Amino acid sequence: MSDAYTTPVTTAFEMQRRTIEQSQQAFKQSLAFQQNVNQAMLDSLDSQESAQRRGVELTQTMFHSYLDAVEAAVPGVDSSVEELRATVDEQVAFLLENHEEAFDTVESEFAEGLDAYDELSEDYVAALDEQVELLVEAHEDLEGQSVEAVEQLADQFENLQEQVEEVQEQVRDVQEQAAEAVDVEA
């Protein structure tokens, strides 16, 4: 029997399996990309905190410069300027402390969320891998059954074709015998 009947079937099944496997890979890659984006966001929190801290410190420096200019320009305000400078420094220290605590909390919560997301993703990928493996096995079984069915149909078709050829040969023989019988009688 020729592979002419089964080759299209096996090719179609192979293409379907490749599509399933490529979809699985694409999903895993998109998940890895999301994990990289999440990690980049977590990593950027330190930079954001540092930039904001520098902004607050720059504001403190600007206040100090302004107070230095007032102190130099207005005689007798030394004690008032020092009180104001102490108040600004106190407020900036309080702000920086709260700022650091807030960023530590955000970073900690975000990191915990990422860990949970990564763990859930790993579980999901493991379940997906298992399901795809079962699907591919079932798909291969279906392919085997389909190829077997096509082979049986092809065998039946070939048998039928042989029978038709035999009947045609018999019909030719009968026609020839009939033609000979007509020629002999005539």
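Scoring rules and cut-offs
- Here the residue numbering is sequential within each chain, running from 1 through the sequence in written order.
- For this predicted model, a pLDDT threshold of at least 70 governs which residues receive local features, and a threshold of 80 or more governs which side-chain atom pairs are given and counted, while totals over whole chains, interfaces and linings are taken from all residues.
- Only hydrogens and water are set aside; all other atoms, that is, all heavy atoms of the structure, feed into the side-chain values.
- In DSSP terms, a helix is any run of H or I states spanning at least four residues, a strand is any run of E spanning at least two, and both are numbered starting from the N terminus.
- Taken over C-alpha atoms, the radius of gyration is set against a globule rule of 2.2 Å times the number of residues to the power 0.38.
- Burial classes follow relative accessibility: with a 1.4 Å probe on protein chains only, a residue under 20% of its type's maximum area counts as buried, one over 50% as exposed, and anything between as partly exposed.
- Here the accessible surface of atoms and residues is derived via Shrake-Rupley with a 1.4 Å probe, and residues count as covered only by protein chains that are part of the display.
- Charge convention: Lys and Arg are scored as positive, Asp and Glu as negative, and His as well as the terminal groups of each chain are ignored.
- A single reference atom marks each charge: NZ on Lys, CZ on Arg, CG on Asp, CD on Glu.
- UniProt positions are given in the numbering used here, feature names are shortened, and annotations may be inferred rather than shown by experiment.
- Axis lines are fitted through C-alpha atoms, for helices just across the contact stretch, and the angle between N-to-C directions can take any value from 0 to 180 degrees.
- Angles are sorted into four bins: roughly parallel if under 35 degrees, roughly antiparallel if over 145, roughly perpendicular if 65 to 115, and oblique for all others.
- Any residue outside Ala, Val, Leu, Ile, Met, Phe, Trp, Tyr, Cys, Pro, Asp, Glu, Lys and Arg is labelled polar, Gly included; the first ten of those are nonpolar and the last four are charged.
- Patch building starts from residues that exceed 30% relative accessible area and form no salt bridge, then joins like charges within 9 Å and nonpolar side chains (Val, Leu, Ile, Met, Phe, Trp, Tyr) within 5 Å.
- Whenever Lys or Arg places a side-chain nitrogen within 4 Å of a carboxyl oxygen from Asp or Glu, that contact is recorded as a salt bridge.

### A closer look at the overall build of the protein chain
So, step 1. Counting secondary structure elements, the protein chain contains two helices and zero strands.
So, step 2. Scaling as 2.2 N^0.38, a compact globule of 186 residues should have a C-alpha radius of gyration of about 16 Å, whereas the protein chain reaches 43 Å, well beyond that.
So, step 3. In the protein chain, which comprises 186 residues, the share counted as buried stands at 17%.
So, step 4. Total accessible area on the protein chain stands at roughly 13,500 Å², and carbon and sulfur atoms take up 55% of it.
So, step 5. Side-chain charges in the protein chain split into 7 positive and 46 negative, and the spacing between the mean points of these groups amounts to 9 Å.

### A short note on the UniProt feature "coiled-coil region" (unreviewed entry) in the protein chain
So, step 1. Per the UniProt entry, the sites bearing "coiled-coil region" (unreviewed entry) are residues 125-184 in this numbering.
So, step 2. Strand forms 0% of residues 125-184 and helix 100%; the C-alpha atoms that close the span are 86 Å apart.

### Some words on the packing of helix α1 (residues 7-73) against helix α2 (residues 78-185)
So, step 1. One can describe the packing of α1 onto α2 by two numbers: an axis separation of 9 Å at closest approach and a directional angle of 180°. One element, α1, and the other, α2, form an angle in the roughly antiparallel class.
So, step 2. Here the contact of α1 with α2 is composed, by residue class, of 33 nonpolar, 15 polar and 19 charged.

### Observations concerning a negative patch on the surface
So, step 1. Together, Glu 21, Glu 130, Glu 133, Glu 137, Glu 140 and Asp 141 give the surface a local cluster of negative charge.
So, step 2. Considering each element in turn, the negative patch owes the most residues, five residues, to α2.
So, step 3. Its location among the elements puts Glu 137 in helix α2.

### Brief notes about the pattern of salt bridges
So, step 1. Overall, the coordinates contain ten salt bridges when judged by the stated rule.
So, step 2. A salt bridge links Glu 14 to Arg 18; the shortest N-O distance between them is 3.7 Å. In this pair, Glu 14 and Arg 18 both sit in helix α1, four residues apart, roughly one turn of the helix.
So, step 3. Taking relative accessible area as the criterion, Glu 14 reaches 32% and is therefore assigned partly exposed.
So, step 4. Taking the shortest distance from any N to any O, the salt bridge between Arg 53 and Glu 100 comes out at 3.5 Å. Taken together, the residues Arg 53 in helix α1 and Glu 100 in helix α2 connect sequence positions 47 residues apart.
So, step 5. Salt bridges sharing common partners tie together Glu 14, Arg 17, Arg 18 and Glu 143.

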